[in-house]
Amino acid sequence: MKRRNLELFLSLVILTLIVLSSAFAPLLAPYPPNQVDMSVRLQRPSFTHPFGTDAIGRDMFSRILFGGRASIMLALAATTMSMLLGLLLGVLAGYWKGVNDWIITSVANIFQGLPGTSLIVAIAGVLGPGVGNLLLAMVVTSWAGYSRIVRTETIKLKAEPYIEGLRCLGCGDLWMILRHIIPNMLNSILVLFTNRFGHSVLAIAALSFLGLGVQPPTPDWSVMINDARMHYRSAPHLIIAPGLILFLLVFAINMLGDVLRDRLDVKSQEVRSY
């Protein structure tokens with residue numbers, strides 16, 4: 001428990017620092033993120049430029065502060081839309097079953113049988129670069145995982161005696177879904193949402209690195225890494241700084257997901273209590 005508490009504290013501290021620094025980037029950044037100054041290009045970290053400058057003299061510290069906005073907001077939007085779509089289709093498949101269940105489950109099996117990252121790259125490549133196409137590719141390839149878990153939980157909860165009792169009392173299907181079935185599966189959805197959020201951050205970073213996501217000159221960590229490839233020997237800080245921040249963000253999200261899984265998993269808690 002002490003170890004888990006430490007992990008929870010560490011993950012929350014890292015996430016809070018990254019999110020707040022991105023949110024208040026206009027107040028914290030010492031320079032405009034796109035300000036070009038060729039007289040200070042490729043400078044190493046110093047007191048004036050804590051993370052150095054890039055190939056056209058832009059301050060890396062300022063760009064990293066602003067870069068978190070695009071990565072975090074896009075990952076949050078993609079994960080939320082995938083969760084809502086998976087929740088809707090999973091409840092539809094698990095509660096009413098029949099043809100709906102067969103169609104949704106078959107489509108979900110097809111999507112889960114395909115390599116996720118490769119499919120995202122393929123869809124984004126066909127649709128072209130851009131934030132809207134990036135979100136569409138993320139949602140299309142990520143809803144199936146939510147749908148399968150929600151379907152399983154819905155079938156399990158629908159068979160509970162209290163659901164039968166509510167039906168005998170005249171409660172409608174929509175009432176039971178919104179007030180009793182969905183609230184009782186929120187723990188599983190929350191844990192999956194946290195894990196998927198970290199995956200979305202990495203997927204968006206990969207697409208932006210390949211030029212299919214966030215487009216220059218918008219500050220973004222993966223775009224900074226891509227721009228620094230030509231100077232990785234003479235100026236390694238251009239890759240290390242955004243790469244380290246991206247690593248810390250995903251590390252903290254995954255750690256938080258593991259802690260939430262242990263704390264919200266009732267079965268594992270019962271096993272540990274014996």
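For the structure, see preceding data.
These numbers come from a predicted model, not from an experiment.

Topologically, Ser-222 is positioned in helix H10 (residues 221-227). Among the polar contacts made by the side chain of Ser-222, one reaches the side chain of Asp-220 at a distance of 2.4 Å. Not counting chain neighbours up to four residues away, the residues in contact with Ser-222 comprise Ile-204, Ala-205, Ser-208 and Phe-209.

Here we come to the environment of Thr-218. Along the chain, the position of Thr-218 falls in the loop between helix H9 (186-209) and H10. The exposure class assigned to Thr-218 is partly exposed, which follows from its relative accessible area of 37%. Linking Thr-218 and Met-73, residues 145 residues apart in sequence, is a C-alpha distance of 14 Å.

Let us look at the packing of aromatic side chains. Throughout the structure, instances matching the rule amount to 5 aromatic pairs. The interplanar angle of 70° and the centroid separation of 4.9 Å between the aromatic rings of Tyr-95 and Trp-96 together place this pair among those described as edge-to-face. Of the residues examined, Trp-96 reaches a relative accessible area of 44% and is grouped as partly exposed. Taking the ring centre of Tyr-95 as reference, the NZ or CZ of Lys-158 above it sits at 4.7 Å.

So, about the packing of helix H7 (residues 161-168) against helix H8 (residues 173-181). Packing of H7 against H8 leaves a shortest axis separation of 11 Å and a crossing angle of 145°. The hand of the H7/H8 crossing is right-handed. Taking contact as the criterion, the partners of Tyr-162, Ile-163, Leu-166 and Arg-167 in H7 are, on H8, Met-176, His-180 and Ile-181. Looking at side-chain class alone, the contact of H7 with H8 contains 5 nonpolar, 1 polar and 1 charged residues.

Turning our attention to helix H1 (residues 2-23). In a regular helix each residue adds 1.5 Å, so 22 residues correspond to 32 Å; H1 covers 31 Å between its end C-alpha atoms and thus fits that length. Of the positions making up H1, those classed as buried are Glu-7, Leu-8, Ser-11, Ile-14, Leu-15, Ile-18, Ser-21 and Ser-22. Its buried side turned inward, H1 meets helix H2 (25-28), helix H3 (60-96), H10 and helix H11 (237-264).

In helix packing, the relevant descriptors are the interaxial angle and the interaxial distance, both defined with respect to the helix axes. Where H3 meets helix H6 (residues 131-158), the closest approach of the two axes is 5 Å, and the angle between their N-to-C directions is 40°. The interaxial crossing formed by H3 with H6 has right-handed handedness. Its residues placed into classes, the contact of H3 with H6 shows 20 nonpolar, 8 polar and 2 charged.

Let us now look at a nonpolar patch on the surface. On the surface, Leu-10, Ile-240, Leu-244, Phe-247 and Phe-251 cluster together into a nonpolar patch covering about 480 Å² of accessible area. If you tally residues by element for the nonpolar patch, the top one is H11, at 4 residues. Within the element layout of this structure, Leu-244 appears in helix H11. According to the relative accessible area criterion, Leu-244 is partly exposed, its value standing at 45%.

Mapped onto the elements, Arg-196 comes out in helix H9. When its relative accessible area of 27% is taken as the criterion, Arg-196 is described as partly exposed. For Arg-196 and Leu-74, which are 122 residues apart along the polypeptide, the C-alpha to C-alpha distance reads 13 Å. If we ignore the near neighbours within four places in the chain, the residues touching Arg-196 are Thr-79, Gly-145 and Tyr-146.

Let us now look at the nonpolar core. Grouped together as the largest cluster of nonpolar side chains are 44 residues, with contacts concentrated most on Met-138, Val-201, Trp-221 and Leu-249. Within the residue set of this core, elements represented by two or more residues are H1, H3, helix H5 (116-127), H6, H9, H10 and H11. Element by element, the count of residues in this core is highest for H11, at 11 residues. Contacts of Leu-249, omitting those with residues within four sequence positions, involve Leu-15, Ile-18, Ile-72, Val-201 and Trp-221. The next biggest cluster of nonpolar side chains, apart from the first, holds 17 residues, and it includes Leu-87, Val-91, Val-150 and Phe-193.

Turning next to the pattern of salt bridges. Under the definition given, this model contains 5 salt bridges. Here Arg-151 makes a salt bridge to Asp-101, at a shortest N to O gap of 2.6 Å. Separated by 50 residues along the polypeptide, Arg-151 in helix H6 and Asp-101 in helix H4 (residues 98-113) bring together distant segments of the chain. In this structure, Glu-153 and Lys-156 form a salt bridge, with 3.8 Å as the shortest nitrogen-oxygen distance.

Parameters at a glance
Residues numbered from 1 in each chain as written. Predicted model: local features only at pLDDT ≥ 70, side-chain atom pairs only at ≥ 80, totals over all residues. Heavy atoms only, no water. Helix = DSSP H or I, 4+ residues; strand = E, 2+ residues; numbered from the N terminus. Polar contact = N/O pair within 3.5 Å; in protein donor to acceptor, adjacent residues only side chain to side chain. Contact = heavy atoms within 4.5 Å. Buried < 20%, exposed > 50% of the residue type's maximum accessible area, 1.4 Å probe, protein only. Phe/Tyr/Trp six-rings, centres within 6.5 Å; stacked < 30°, edge-to-face > 60°. Lys NZ or Arg CZ within 6 Å of the ring centre and 35° of its normal. Axes fitted to C-alpha atoms, helices over the stretch in contact; angles between N-to-C directions. Left-handed = near helix turned anticlockwise from the far one by under 90°. Nonpolar A, V, L, I, M, F, W, Y, C, P; charged D, E, K, R; others polar. Expected span 1.5 Å × (residues − 1). Patch = residues over 30% accessible without salt bridge, like charges linked within 9 Å, V, L, I, M, F, W, Y side chains within 5 Å. Areas by Shrake-Rupley, 256 points an atom, 1.4 Å probe, with all protein chains shown as cover. Salt bridge = Lys/Arg side-chain N within 4 Å of Asp/Glu carboxyl O. Core = buried A, V, L, I, M, F, W, Y, C linked by side-chain atoms within 4.5 Å.

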